Amino acid sequence: MAGRLGDFGITRVADLTGLDVIGLPVWTAIRPASKTLSASQGKGAAALLAKLSAVMEAIELWHVEQPLPVAAVGPAAEVAPGYPVTALPPPPPRTSRTPSPGWCASGRTAPAW
């Protein structure tokens, strides 16, 4: 991975473990030209795992910042696949392990924050 960090805008990876007294390995990966967060933190049971965690989080953010091209624009009827949406199978029924949020039971279509 070390040879590819620049491909994702990562300029440096630093060990932050000694900045507190807990001792849990913590590393940071810096992307100064990022469009979102420029510092990604990685924690782990070992220094290598924390370092990898920081790098992978930074790479994940880099991917988020890369816009995808628009594949189609228009009404659903024009850009829909060759089958009607109603042909899709219904979702599985809810069980007691997947309760509905309280606002659903009230009949509202959105939470009332």
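Per chain, residue numbering runs from 1 following the sequence as it is written. Whole-chain, interface and lining totals are the exception, using all residues; otherwise, since this is a predicted model, local features are given only for residues with pLDDT of at least 70 and side-chain atom pairs are given and counted only at 80 or more. Calculation of side-chain values draws on the structure's entire complement of heavy atoms; hydrogens and water are dropped beforehand.

**Q** Describe the side chain of Ser34, listing the residues and the values that go with them.
**A** Counting from the N terminus, the helices are the DSSP runs of H or I reaching at least four residues and the strands are the DSSP runs of E reaching at least two. With respect to the helices and strands, the residue Ser34 is situated in the loop between strand 2 (26-30) and strand 3 (39-43). Each residue's exposure class comes from its accessible area (1.4 Å probe, protein chains only) as a fraction of the maximum for that residue type: buried when under 20%, exposed when over 50%, partly exposed otherwise. The class for Ser34 is buried, based on a relative accessible area of 17%. We call two N or O atoms a polar contact when they sit within 3.5 Å, provided that within protein one can donate a hydrogen and the other can accept it, with sequence-adjacent residues counted only if both atoms are side-chain atoms. A polar contact is formed between the side chain of Ser34 and the backbone nitrogen of Ser38, at a distance of 3.5 Å.

**Q** Describe the sheet that holds strand 3, listing the residues and the values that go with them.
**A** Only when DSSP finds a minimum of two bridges between them are two strands counted as paired. An order of 1-2-3 is seen for the 3 strands of this open sheet, with the pairing classed as antiparallel. With one partner strand each, in any of the chains shown, strand 1 (12-15) and strand 3 form the two edges of the open sheet. The mean inter-strand angle of the sheet, taken between neighbouring strand axes irrespective of direction, is 20°. Where strand 1 and strand 2 come together, 4 bridges link them in antiparallel fashion. Among the inter-strand pairings, Arg12 is bridged to a residue of strand 2, identified as Ile30. In the packing of helix 1 (residues 47-64) onto the sheet, the strands contacted are strand 1, strand 2 and strand 3, and the crossing angle to strand 3 comes to about 145°. Helix axes are fitted to C-alpha atoms over the stretch in contact, other axes to C-alpha atoms as well, and angles between N-to-C directions run from 0 to 180 degrees. Any two residues having at least one pair of non-hydrogen atoms within 4.5 Å are treated as being in contact.

**Q** Got a sec to walk through a nonpolar patch on the surface? Specific residues and values, please.
**A** Residues enter a patch when their relative accessible area is above 30% and they make no salt bridge; the linking distance is 9 Å between like charges and 5 Å between nonpolar side chains (Val, Leu, Ile, Met, Phe, Trp, Tyr). Per-residue and other accessible areas were derived by the Shrake-Rupley procedure at a 1.4 Å probe size, with only the shown protein chains allowed to occlude residues. Salt bridge, as applied in this entry: a Lys or Arg side-chain nitrogen positioned within 4 Å of an Asp or Glu carboxyl oxygen. A surface patch of nonpolar side chains, about 500 Å² in accessible area, is lined by Met1, Leu48, Leu49, Leu52 and Met56. Mapping Leu48 onto the fold places it in helix 1.

**Q** So, the environment of Ala2: which residues are in play, and what are the values?
**A** Within the element layout of this structure, Ala2 appears in the segment before strand 1. Given a relative accessible area of 69%, Ala2 falls into the exposed group. The spatial distance from the C-alpha of Ala2 to the C-alpha of Val55 is 9.4 Å, given a sequence separation of 53 residues.

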